[in-house]
Amino acid sequence: MTCTVTLRQQDDLGEFRAVARKLLGAGIPPGEVLWTRSEDASLFPDGVPDASKALSVPRSFMDLAETVICHRDDQRWALLYQALWRIDHGEHTLMQRAADKLLHRLRGMASAVRHDQHRMTAFLRFRVVQDPDGEIYVAWYEPRHHILRRTTSFFIDRFASMRFSILTPDLTLCWDRTSAHYSAGLSKQDAPPDDAIEDWWRRYYAAIFNPARVNMKLAQRHMPKDFWHNLPEAASIADLARQAHARTDRMIRPAPSLPDPCSGQTPRTTP
Amino acid sequence: MSLTAARMPTLEKLAILADAAKYDASCASSGGTKRNSRDSAGIGSSTGNGICHSYTPDGRCVSLLKILLTNSCVYDCAYCINRRSSNVRRTRFSVNEVVDLTLAFYKRNYIEGLFLSSGIIRSSDYTMECLVRVAQTLRETHSFRGYIHLKTIPDASPDLIRQAGLYADRLSINLEMPTPEGLKQYAPEKQIGSINRTMHDLSTHIADAKAEPKGPRFSPAGQSTQIIVGADASSDSVVLTAASSLYDRYRLKRIYYSAFSPIPDASQTLPSRPAPLQREHRLYQADWLMRFYGFAASEILAGTQDNMLDQAIDPKLAWALRNRHCFPVNINTADREMLLRVPGLGVRSVDRILQSRSHTKLRLDDLKRLSGSIQRLRPFVVTADHRPTKLIDLHDLRTIVAPRAEQMSLFG
């Protein structure tokens, strides 16, 4: 018989753990569980005896599971349950066997989640707006996985003294300088449209670019195009890349000039 | 400074002083002490790992606000856009302009912090003092806990260096030319002795601070330097031997290799064409082999042609092809040191192999999962189900394992 389990949370290991312990207690093998998600359906099917099993797992499994649970692939619960089942059925060294197919897949998912978190810390941009209490920093960001909750501490560590909000399609975070609150997801229209400092940032971005080294393939590998639409500096990329060769040619061709004795801007010589 | 500078709007200064700073390849924001701002009115954190917040169309990362305090300079180094005899427009930031810019960018999550360098004006001490004042204002007035990289000015007083190390996560002084003769030719006012002395002093302070964790901090992310490649005639052998000696003598955290790049209004003594970026890339790979894979510079260079690294294949593969008697390596029994020498195996793959093989005899399929790809590994390894008979003796082994030309253009 197939047992259907419905989870409410996208990224909550606690909920999954409670369900998995029940399933293990009832001795239901991975092949007989169907994992689904819904925000309002009941958590657990009737007919499964309530005999939660206390299972000890390696700490490294918990770390892996906490990360994998944020992956957007709906197979994550089934895969994690398979791993738990095998650990519970004698494969105590599963976590050390990096070449195992299941573990390899789970590690790949965890690594995708961590990469996504890293990109969020890198590519998220705040815009400043004023409200009656002063400045508030607001960012719109579209993560690939369910990583906002998991990445919150990074932003609080860094910006604890600022009021800030991070808006994503799935979830919204508000930090009021003392505590974090989560609420439903929002849309890009809910975020501020611009910030005056972005002109400065674009000016810096254009100036720090060396046209003699233009390499769009490399740039795109590090900063994929699907992140560009939320990066203020990305609007300049096309023009900078197009003009690069002409700018380099101008640097190479003309004969080097000698210092202009009339400029009056040559600094003083060594004292 | 001049009236022009005083009148110039900050936005324009930013364009000039960022443009003037871009030939310094250093961008790292890693290695600082872990810290956050949860307990303070200040701002900033460091996880110890750097973050690249953006990439410019040259594929280089933007991690720090990299600017000069001023692009005026009393030196006349041929390779430098800011040399005394260049006709570039001169300007200068005030301390507060740099502080405000850093904070405005940091609060919007554009950057990890500040990389501040400067042309040398008036004297070494005067210039160093200006740099220190910016860092001090950020740290003390604004409780800034982000990353700060300061350039060390040669011959600055020990007291200023001590202060710089107190506020900065990393300090650096650029060697630029790989040989003393090159330095003499292209940077006549710079003294190799003074650069070496500064590096030596920094390495002593860094080691002392590490040994005394409760004492005052000193540049916890260490020191780095930069070598320009292709401006003079130095071979890769000269560059790597110099690098290896710098790592040994001064415990540098990193050396940056910067392929000579044409600058506007260049000096006539320089080549007018840029050095190939591929050369820079191969030097970085060789540097990596020295730092993380247990290779000595002499091993990487032995048997190369004209003392230059092979441009078509990476230096680890090139070493393996020249040392076929060391292969094939048995994945299930070889020690860590030898596994690290197998082309296609990185440090992480090797660690996973060592962990996995104590539980199971590794087969080719397992190896594929552990290392990502086995295409180039096959001729060099033995697994439970694979032995590359004869393959290692093939004359055209190079064409079998070398990446195709199409892939090479990635770096070009």
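Residues numbered from 1 in each chain as written. Chains lettered and ligands numbered in written order. Predicted model: local features only at pLDDT ≥ 70, side-chain atom pairs only at ≥ 80, totals over all residues. Heavy atoms only, no water.

(A) Quick peek at the overall build of chain B. Within chain B, the secondary structure is distributed over 16 helices and 10 strands. Expected size for 412 residues packed as a compact globule is a radius of gyration near 22 Å; at 24 Å, chain B falls within 12% of this value. Overall, the C-alpha framework of chain B stretches about 75 × 55 × 35 Å when taken along its three principal axes. Here chain B holds 412 residues, and the buried ones make up 59% of them. (Helix = DSSP H or I, 4+ residues; strand = E, 2+ residues; numbered from the N terminus. Rg over C-alpha atoms; globule rule 2.2 N^0.38 Å. Buried < 20%, exposed > 50% of the residue type's maximum accessible area, 1.4 Å probe, protein only.)

(B) Spatial organisation of the pairing of strand β1 (residues 3–7) of chain A. All names here are of chain A. Burial of β1 is extensive: 4 of the 5 residues sit out of reach of the surface. In terms of strand pairing, β1 meets strand β2 (residues 33–37) through 5 bridges, oriented parallel. Counted as the bridge partner of Cys3 is Val33 from β2. For the handedness criterion, the β-α-β arrangement of β1, helix α1 (residues 13–25) and β2 is classed as right-handed. (Pairing = 2+ DSSP bridges. Right-handed = clockwise from strand over helix to strand, strands pointing away.)

(C) Inspection of the state of the cysteines at higher detail. Residues and elements named next belong to chain B. Here the structure, examined in full by the defined rule, presents 0 disulfides over all chains. Free cysteine Cys27: the closest other cysteine sulfur is in Cys61, separated by 3.3 Å. You can see Cys73 has no disulfide; the closest cysteine sulfur is in Cys77, sitting 6.4 Å from it. In this structure Cys73 comes out as buried when scored by relative accessible area, which is 11%. (Disulfide = S-S within 2.5 Å.)

(D) Molecular detail of the pairing of strand β4 (residues 134–140) of chain A. All names here are of chain A. For β4, the tally of buried residues reaches 6 of 7 residues, placing the bulk of the element in the interior. Bridge count between strand β3 (residues 127–131) and β4: 5 bridges; the pairing is antiparallel. Pairing of Val128 across the sheet is with Tyr137, part of β4. Between the end of β3 and the start of β4, which pair antiparallel, lie 2 residues. In the sheet, β4 pairs with strand β5 (residues 164–167) via 4 bridges, with the strands oriented parallel. Bridging from a neighbouring strand, Val138 pairs with Ser165 of β5. Read from β4 through helix α5 (residues 148–159) to β5, the crossover connection turns out right-handed.

(E) Inspection of helix α11 (residues 315–322) of chain B at higher detail. Residues and elements named next belong to chain B. Summarising burial for α11: 7 of the 8 residues are buried, a large majority. Those residues of α11 that fall on the buried side of the exposure criterion are Pro315, Lys316, Leu317, Ala318, Trp319, Ala320 and Leu321. The inward-facing, buried residues of α11 abut α9 (277–292), α10 (297–301) and α15 (397–401). Looking at where α11 begins, the residue whose side-chain oxygen comes 3.0 Å from the main-chain nitrogen of Lys316 is Asp314. (Contact = heavy atoms within 4.5 Å. Polar contact = N/O pair within 3.5 Å; in protein donor to acceptor, adjacent residues only side chain to side chain.)

(F) Examining the interface of chain A and chain B more closely. Counting from both sides, the interface comprises 74 residues of chain A and, opposite them, 82 residues of chain B. Both faces considered, chain A and chain B share a buried interface measuring about 6900 Å² in area, 58% of it formed by carbon and sulfur atoms. For chain A, the biggest contributors to the area lost against chain B are Arg158(A), Trp200(A) and Arg213(A); these three give 12% of the whole. Run the count over chain A and chain B and you get 4 salt bridges. With a shortest N-O distance of 2.6 Å, Arg158(A) and Glu112(B) are connected by a salt bridge. Summed over the shared surface of chain A and chain B, the number is 28 residue pairs in polar contact (both at pLDDT 80 or more). Breaking the side of chain A that touches chain B down by element, the ones donating at least two residues are α4 (101–123), α5, α6 (197–208), α7 (216–222) and α8 (237–252) of chain A. Looking at the side of chain A that touches chain B, its residues break down into 41 nonpolar, 16 polar and 17 charged. (Buried area = accessible area lost by both parts, 1.4 Å probe. Salt bridge = Lys/Arg side-chain N within 4 Å of Asp/Glu carboxyl O. Nonpolar A, V, L, I, M, F, W, Y, C, P; charged D, E, K, R; others polar.)

(G) Structural detail: the packing of aromatic side chains. For the structure on display, the rule yields 23 aromatic pairs over all chains. Connected via pairs of aromatic rings, a cluster forms that spans Phe126(A), Tyr137(A), Phe154(A), Phe155(A), Phe159(A), Phe164(A), Trp175(A), Tyr106(B) and Phe144(B). Over the ring of Tyr126(B) we find Arg122(B); its NZ or CZ atom is 4.2 Å from the centre of that ring. Cation over ring: Arg341(B) sits above Trp319(B), and NZ or CZ is 4.9 Å from the ring centre. (Phe/Tyr/Trp six-rings, centres within 6.5 Å; stacked < 30°, edge-to-face > 60°. Lys NZ or Arg CZ within 6 Å of the ring centre and 35° of its normal.)

(H) Quick peek at the confidence of the model for chain B. All names here are of chain B. On average, residues of chain B score 91 in pLDDT, and 94% of them reach the 70 mark or higher. Overall, residues 1–5 carries pLDDT values under 50, and its contacts beyond four positions in sequence, including any with other chains, amount to 6 contacts. Ignoring residues within four places in sequence, the model shows residues 405–412, a span with pLDDT below 50, making 15 contacts including any to other chains. If you check the scores for this complex, the pTM reads 0.91 and the ipTM reads 0.91. (pLDDT = per-residue confidence, 0-100.)

(I) Looking closely at the sheet that holds β5(A). All names here are of chain A. Strand order in the open sheet made by the 5 strands is β3-β4-β5-β6-β7, with mixed pairing throughout. The strands lining the two open edges of the sheet, one partner per strand, are β3 and β7 (180–184). Taking the axes of each pair of neighbouring strands and ignoring which way they run, one obtains an average angle of 25 degrees across the sheet. By the bridge criterion, 4 bridges tie β5 to strand β6 (residues 171–175) in an arrangement that is antiparallel. Across the sheet, Phe164 pairs through a bridge with Trp175, a residue of β6. The sheet contacts of α5 involve β5, β6 and β7, and relative to β6 the element is tilted by about 25 degrees. (Axes fitted to C-alpha atoms, helices over the stretch in contact; angles between N-to-C directions.)

(J) Region of interest: the packing of helix α4 (residues 124–141) of chain B against helix α5 (residues 158–167) of chain B. All names here are of chain B. Packing of α4 against α5 brings their axes to within 9 Å, and their N-to-C directions diverge by 30 degrees. Overall, the two elements α4 and α5 adopt an arrangement that is roughly parallel. Like other packed secondary-structure pairs, α4 and α5 cross with a definite hand, here left-handed. Seen from α4, the contacting residues are Asp125, Met128, Glu129, Val132, Ala135, Gln136, Arg139 and Glu140; seen from α5, they are Leu160, Ile161, Gln163, Ala164 and Tyr167. A per-class count over the contact of α4 with α5 returns 7 nonpolar, 2 polar and 4 charged. (Parallel < 35°, antiparallel > 145°, perpendicular 65-115°, else oblique. Left-handed = near helix turned anticlockwise from the far one by under 90°.)

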